[in-house]
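Letter by letter, the chains look like this.
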Amino acid sequence: MRGSFLHNHVLLGPLEAHFRGIGAQCWRECPTCQGRGAGFVDLFVAYQTDRIAIEAELSCDRVEK
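As the structure is a computational prediction, the values presented were derived from the model and not from experiment. (Residues numbered from 1 in each chain as written. Predicted model: local features only at pLDDT ≥ 70, side-chain atom pairs only at ≥ 80, totals over all residues. Heavy atoms only, no water.)

Enquirer: Sorry if this is basic, but what is going on with the pairing of strand 2 (residues 40–47) here?
Expert: In summary, the side chains of a regular strand alternate between the two faces of the sheet. In this structure, strand 1 (residues 25–31) lies alongside strand 2, joined through six bridges in antiparallel fashion. Bridge assignment links Arg28 to a residue of strand 2, and that residue is Leu43. In this structure, strand 2 lies alongside strand 3 (residues 50–54), joined through five bridges in antiparallel fashion. Within the sheet, the bridge partner assigned to Val45 lies in strand 3 and is Ile52. Linking strand 2 to strand 3, which pair antiparallel, is a turn of two residues; within it Gln48 sits at a positive phi near 50°. (Pairing = 2+ DSSP bridges. Helix = DSSP H or I, 4+ residues; strand = E, 2+ residues; numbered from the N terminus.)

Set out below in structure tokens:
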């Protein structure tokens, strides 16, 4: 799994635990599309009819992207 301890355990860990606790399916480093040029989201959550893509950032450097 990519990312630092803070990124994976402090930012994403509680979110993933919450969503799993309510019965959602969660995937870390989930591809955004098929193929070699696919990007990835940090956490992808599927709950009932909802789909949520989560990007955890430790700084504001990439907010505009």
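Additional details are given in the paragraphs that follow.
Enquirer: Just to check I follow, could you spell out the sheet that holds strand 1 for this structure?
Expert: Each strand in a sheet pairs with its neighbour through backbone hydrogen bonds, running either in the same direction (parallel) or in the opposite one (antiparallel). Ordered in space as 1-2-3, the three strands form an open sheet in which the pairing is antiparallel. Looking at strand neighbours, the two that pair on one side only are strand 1 and strand 3, the edges of this open sheet. This sheet shows a mean twist of 25° between the axes of neighbouring strands, independent of strand direction. Running at roughly 140° to strand 1, helix 1 (residues 5–21) makes contact with strand 1, strand 2 and strand 3 of the sheet. (Axes fitted to C-alpha atoms, helices over the stretch in contact; angles between N-to-C directions. Contact = heavy atoms within 4.5 Å.)

Enquirer: It is not clear to me how the environment of Val41 should be interpreted in this structure. Could you clarify?
Expert: Along the polypeptide, Val41 turns up in strand 2. Taking the relative accessible area as the measure of exposure, Val41 reaches 12% and is therefore buried. Taking the C-alpha atoms as reference points, Val41 and Glu29, separated by twelve residues in sequence, lie 5.5 Å from one another. (Buried < 20%, exposed > 50% of the residue type's maximum accessible area, 1.4 Å probe, protein only.)

Enquirer: I would appreciate a short explanation of the packing of aromatic side chains in the present structure.
Expert: Going through the model one piece at a time under the given rule, you end up with one aromatic pair. An angle of 35° between the planes, with centres 5.8 Å apart, marks the rings of Trp27 and Phe44 as tilted. In this pair, Trp27 sits in strand 1 while Phe44 sits in strand 2, placing the two residues 17 residues apart along the sequence. Overall, Trp27 belongs to the partly exposed group, its relative accessible area being 36%. (Phe/Tyr/Trp six-rings, centres within 6.5 Å; stacked < 30°, edge-to-face > 60°.)

Enquirer: Is there a simple way to explain the nonpolar core in this structure?
Expert: Nonpolar side chains in soluble globular proteins tend to be buried together. Judged by nonpolar contacts, Leu12, Phe19, Ala24, Cys26, Leu43, Val45, Ile54 and Ala56 together constitute the single largest core of eight residues. Looking at this core, the elements that each hand over two or more residues are helix 1 and strand 2. With sequence-adjacent residues up to four places away left out, Ala24 is seen in contact with Phe19, Val45, Ala46 and Tyr47. (Core = buried A, V, L, I, M, F, W, Y, C linked by side-chain atoms within 4.5 Å.)

By themselves, these figures tell us nothing about what the structure is for.
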